[in-house]
Amino acid sequence: MKNRTAIAGFLLIGLFGCSDNDFDIRGFKDDPSINTLNGTWKVISFEDYAQNTVEYKNQENSWGFDIIVFFNDTLDPKLFGGKVTTNSVSGEFEYISERQFRIPQYATTFVGQPKWADNFNHAISGENVTFRINDRRLRIYFNNETKSVTLTKE
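Definitions and cut-offs
Throughout this description, residue numbers start from 1 for each chain and increase along the sequence as written. Totals for whole chains, interfaces and linings use all residues, but because this is a predicted model, local features are given only for residues with pLDDT of at least 70 and pairs of side-chain atoms are given and counted only at 80 or more. The basis for the side-chain values is all heavy atoms of the structure; hydrogens and waters are excluded. Where helices and strands are cited, they refer to DSSP runs of H or I of at least four residues and of E of at least two residues respectively, numbered from the N terminus. Each polar contact in these results corresponds to two N or O atoms within 3.5 Å; when the atoms are within protein, one needs to be able to donate a hydrogen and the other to accept it, and residues that are neighboring in sequence are counted only if both atoms are side-chain atoms. Whether two residues are in contact is decided by their heavy atoms, any of which lying within 4.5 Å being enough. Ring pairs are drawn from Phe, Tyr and Trp, using the six-membered ring of Trp, whenever the two centres fall within 6.5 Å, and their geometry is named by plane angle: stacked under 30 degrees, edge-to-face over 60, tilted for the rest. Exposure categories follow from relative accessible area, calculated using a 1.4 Å probe and restricted to protein chains: below 20% of the type maximum is buried, above 50% is exposed, and the middle band is partly exposed.

Caption draft 1: The side chain of Thr150, seen in detail. Mapping Thr150 onto the fold places it in strand 9 (residues 147–153). For Thr150, the side chain forms a polar contact with the side chain of Glu47, separated by 2.9 Å. Of the polar contacts made by the side chain of Thr150, one reaches the side chain of Arg139; its length is 2.7 Å. Residues contacting Thr150, with those up to four places away along its chain left out, are Lys42, Val43, Ile44, Ser45, Glu47, Arg137, Leu138 and Arg139.

Caption draft 2: Spatial organisation of the packing of aromatic side chains. Under the defined criterion, the tally for this structure stands at 9 aromatic pairs. An angle of 85 degrees between the planes, with centres 4.8 Å apart, marks the rings of Phe46 and Trp116 as edge-to-face. In this pair, Phe46 is assigned in strand 1 (residues 39–48) and Trp116 in helix 3 (residues 115–124), connecting sequence segments 70 residues apart. The two residues Phe46 and Trp116 agree in class, both being buried. A centroid spacing of 5.2 Å and a plane angle of 90 degrees characterise the contact between Phe71 and Phe93, whose relative ring orientation is edge-to-face. Of this pair, Phe71 sits in strand 3 (residues 67–72) while Phe93 sits in strand 5 (residues 87–97); the two residues are 22 residues apart in sequence, bridging distant segments of the chain. The exposure classification of Phe71 matches that of Phe93, with both residues buried.

Geometric values such as these leave the question of function open.
The following block contains the structure:
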């Protein structure tokens, strides 16, 4: 019986253990062959490098709502939009250089939203931001790269 319990425990650790940089906030793997933000993305965490912390979604910080946004650079102008917890967002974005973009036109209401949405709005509006991307994740760096937000491909 003890062997079965131990095996079940190891299986659960394997299934629910850390993966894909969930706990190594500095270890994001960039794929230089991907040169577009195109796609639909869901926020999974916010990272603070000065504090060495990661904040994941919970009921308190998100009220149970997700942040799901899209980037489309096949249009002119390039479009950005989606749902940031309780509010919709829309705007245009432009690439500044390789692995850097900005959203000069960003529209949302900021009405009655949780901290999770405030964090995201702060992360992507008002400044040039750097990003790293691979086939499954997008990480956007802000505040002089002392913080980031990580999104997963939808």
